[in-house]
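Okay, here's what each chain looks like letter by letter:
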Amino acid sequence: MKKIVFLALLSVVFGAWNRAQAQDCDELLAPYFHLNHIDPQDYPPEKAEWRCTFAKTAFYFTNSLPENAVVLNLNNVVNLLTGEKLSSDFVVDLEHLSYYGYNFSQLQNQNDKKTIYFRIQNNKHKYLALRSIIEMAAMTEELQRPK
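Reading the values: the criteria
Residues numbered from 1 in each chain as written. Predicted model: local features only at pLDDT ≥ 70, side-chain atom pairs only at ≥ 80, totals over all residues. Heavy atoms only, no water. Helix = DSSP H or I, 4+ residues; strand = E, 2+ residues; numbered from the N terminus. Buried < 20%, exposed > 50% of the residue type's maximum accessible area, 1.4 Å probe, protein only. Contact = heavy atoms within 4.5 Å. Areas by Shrake-Rupley, 256 points an atom, 1.4 Å probe, with all protein chains shown as cover. Axes fitted to C-alpha atoms, helices over the stretch in contact; angles between N-to-C directions. Parallel < 35°, antiparallel > 145°, perpendicular 65-115°, else oblique. Left-handed = near helix turned anticlockwise from the far one by under 90°. Nonpolar A, V, L, I, M, F, W, Y, C, P; charged D, E, K, R; others polar. Pairing = 2+ DSSP bridges. Disulfide = S-S within 2.5 Å. Patch = residues over 30% accessible without salt bridge, like charges linked within 9 Å, V, L, I, M, F, W, Y side chains within 5 Å. Salt bridge = Lys/Arg side-chain N within 4 Å of Asp/Glu carboxyl O. Lys, Arg positive; Asp, Glu negative; His and termini not counted. Charge placed at Lys NZ, Arg CZ, Asp CG, Glu CD. Phe/Tyr/Trp six-rings, centres within 6.5 Å; stacked < 30°, edge-to-face > 60°.

J.: Explain the overall build of the protein residue by residue, including any values.
T.: Scanning the protein for helices and strands turns up four helices and four strands. Listed by position from the N terminus, the elements making up the protein come as α-α-β-β-α-β-β-α. Burial status across the protein gives 33% buried among its 147 residues. A sequence separation of at least 24 residues applies to 66% of the contacts in the protein between residues at least 6 apart. Taken as a whole, the protein presents about 9,700 Å² of accessible surface, with 54% of it coming from carbon and sulfur.

J.: Which residues make up the packing of helix α2 (residues 45-56) against helix α4 (residues 133-144), and what are the values?
T.: Packed helices, taken two at a time, are described by their axes: the angle between them and the distance between them. Taken N-terminus to C-terminus, the directions of α2 and α4 make an angle of 125°; their axes are 9 Å apart at the nearest point. Taken together, the axes of α2 and α4 lie oblique to each other. For α2 against α4, the interelement crossing comes out right-handed. Facing α2, whose interface residues are Glu 49, Trp 50, Thr 53 and Phe 54, α4 presents Ile 133, Met 136, Ala 137, Thr 140, Glu 141, Leu 143 and Gln 144. Here the contact of α2 with α4 is composed, by residue class, of six nonpolar, three polar and two charged.

J.: So what's going on with the sheet that holds strand β4 (residues 127-130)? Which residues, and what values?
T.: Within the open sheet, the four strands sit side by side as β1-β4-β3-β2. Their pairing is mixed. Each end of this open sheet is capped by a strand with a single partner; those strands are β1 (59-62) and β2 (70-73). Strand-to-strand twist in this sheet, taken as the mean axis angle between neighbours without regard to direction, amounts to 30°. As defined by bridge partners, β2 adjoins strand β3 (residues 116-119) across four bridges and the pair is classed as parallel. Note that in β3 the partner of Asn 73 across the bridge is Arg 119.

J.: So, the state of the cysteines: which residues are in play, and what are the values?
T.: Within this structure, the stated rule accounts for one disulfide. Here Cys 25 pairs with Cys 52 through a disulfide, and the sulfurs are 1.9 Å apart. The disulfide joining Cys 25 to Cys 52 has a torsion of about -80° about its S-S bond and is therefore left-handed. Taken together, the residues span a long stretch of sequence, with Cys 25 in helix α1 (residues 2-35) and Cys 52 in helix α2 at a distance of 27 residues. Residues Cys 25 and Cys 52 agree in their burial class; the two are buried.

J.: Which residues make up a negative patch on the surface, and what values go with them?
T.: On the surface, a cluster of negative charge is made up of Asp 26, Glu 27, Asp 93 and Glu 95. Locating Asp 93 in the fold gives a position in the loop between β2 and α3 (104-110). Take Asp 93: its relative accessible area is 36%, and that puts it in the partly exposed class.

J.: Requested: an account of the packing of aromatic side chains, with residues and values cited.
T.: Inspection of the entire model under this criterion finds 11 aromatic pairs. With a centroid separation of 5.1 Å and an interplanar angle of 70°, the aromatic rings of Phe 33 and Tyr 43 are classed as edge-to-face. Pair noted here: Phe 33 is in helix α1 and Tyr 43 is in the loop between α1 and α2, with a separation of 10 residues, a long-range link. Considered together, Phe 33 and Tyr 43 belong to a single accessibility category, that of buried residues. Between Phe 59 and Phe 104 the ring centres are 4.9 Å apart and the planes differ by 70°, which places this aromatic pair in the edge-to-face class. With Phe 59 in strand β1 and Phe 104 in helix α3, this residue pair connects regions lying 45 residues apart in the sequence. Pair check on accessibility: Phe 59 and Phe 104 agree, each one buried.

Read these as geometric descriptors, not functional statements.
In structure tokens, the structure reads:
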């Protein structure tokens, strides 16, 4: 009986955690589904989780640059849904910035799969860093690995 109660409680806790994660992932993945004409309900949950983790590994803020860094202006970033370029004073919010909603993968492919740094304003940091696709994939695999 104790085992059943424990499993039920664990199920409730896991379900709540999963819903909290899904809300964040829903926002990050919405452009991917829209641009690829995919109904999220038809998409395998394990693939959605992988894509969400991949998107979460994409960015970080920094104030310093490595030697020979690829540095771009933020207006090189194009919203794939509207076709509009980001303004130089765009406020970057990592909780809501979707890797899939902008031309980030194209910029990565054009820059020899290096980390790309974007000059930003209106932030306590000077640069938004976009990791390379290879680094994003490696981090995603590590985070998705069963513990």
